[in-house]
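Examination of the molecular architecture
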Amino acid sequence: MKDWTKTQYGYPIPAIPKWIEPFRVAQPSYQGQAVPLPPHHAHPRWRTHSISTHPWLRETYQQELTLAASDAARLGIVTGDIVEVWNDRGKVVVPVYVTERCMPNVAVLHEGVWMDLDKNGVDRAGNPDFLTADEPSPAGAFAYNPSSST
């Protein structure tokens, strides 16, 4: 590198570490109303990345957006309701799973599910890849969670 004030991707490197505003996050919506909960894309325990998506295995688990019980109660959402999760990159439609084991003010959309596009280009399988940026973070790593480190 010739210029130590920028990353190899051209992002500035501040002399003193500071907060860098994240990329635009995905926005869930329910019954046409925006729900301001940034989704986190975690690894599920029932598959490794996009393998283990055989139809028999998919019958044992359906992709879902996990919400904290307190957020779901506030929004009038119950397990099984269908929501859209969208941003300027794409849109997915997925059922909701409500639990006390999810941190409030965060939604979890597990990675690794194969896409299932409808005629409008909306993913009906809940693949979070439709919501993530296809560019590296300022430090040069690909940031797969559009609401956390990106």
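All values derive from a computational prediction rather than experimental measurement. (Residues numbered from 1 in each chain as written. Predicted model: local features only at pLDDT ≥ 70, side-chain atom pairs only at ≥ 80, totals over all residues. Heavy atoms only, no water.)

1. Some thoughts on the pairing of strand 6 (residues 90-99)
Strand residues, when the strand is regular, have side chains that alternate between the two faces of the sheet. Our working definition: Burial classes: relative accessible area under 20% of the type maximum marks a residue as buried, over 50% as exposed, and values in between as partly exposed (1.4 Å probe, protein chains only). The secondary structure listing takes helices from DSSP runs of H or I that are at least 4 residues long and strands from runs of E that are at least 2 residues long, numbered from the N terminus. At least two DSSP bridges between two strands are required for those strands to pair.
With 7 of its 10 residues buried, strand 6 lies for the most part within the structure. Strand direction decides the pairing type here: strand 4 (residues 65-68) and strand 6, joined by 4 bridges, are parallel. Along strand 6, the bridge assignment pairs Ala 68 with Thr 99. Pairing analysis gives 6 bridges linking strand 5 (residues 82-87) to strand 6, with the strands arranged antiparallel. Each bridged residue has a counterpart across the sheet, and for Asn 87 the counterpart in strand 6 is Gly 90. Turn length for the strand 5-strand 6 hairpin, with the two strands adjacent in sequence and antiparallel, is 2 residues.

2. Regarding unusual backbone geometry
Residues other than glycine seldom take positive phi values, yet Asn 105 does so here, at roughly 70 degrees. In this structure, Asn 105 sits in the loop between strand 6 and strand 7 (107-109). Using a relative accessible area of 48% as the deciding quantity, one classes Asn 105 as partly exposed.

3. Notes on the nonpolar core
Note the following rule: Here, nonpolar core refers to any group of buried Ala, Val, Leu, Ile, Met, Phe, Trp, Tyr and Cys residues whose side-chain atoms link them within 4.5 Å.
Ranked by internal contacts, the top residues of the largest apolar core, which has 13 residues, are Leu 65, Val 83 and Val 85. Elements supplying a minimum of two residues to this core: strand 4, strand 5, strand 6 and strand 7. Broken down by element, the residue count for this core peaks at 3 residues, all from strand 6.

4. Thoughts on the pattern of salt bridges
Applicable threshold: Salt bridge, as used here: a side-chain nitrogen of Lys or Arg that lies within 4 Å of a carboxyl oxygen of Asp or Glu.
Tallied over the entire structure, the rule returns 2 salt bridges. We note a salt bridge from Lys 91 to Glu 84, for which the minimum N-O separation is 3.9 Å. Exposure remark for Glu 84: the relative accessible area of 32% places this residue in the partly exposed category.

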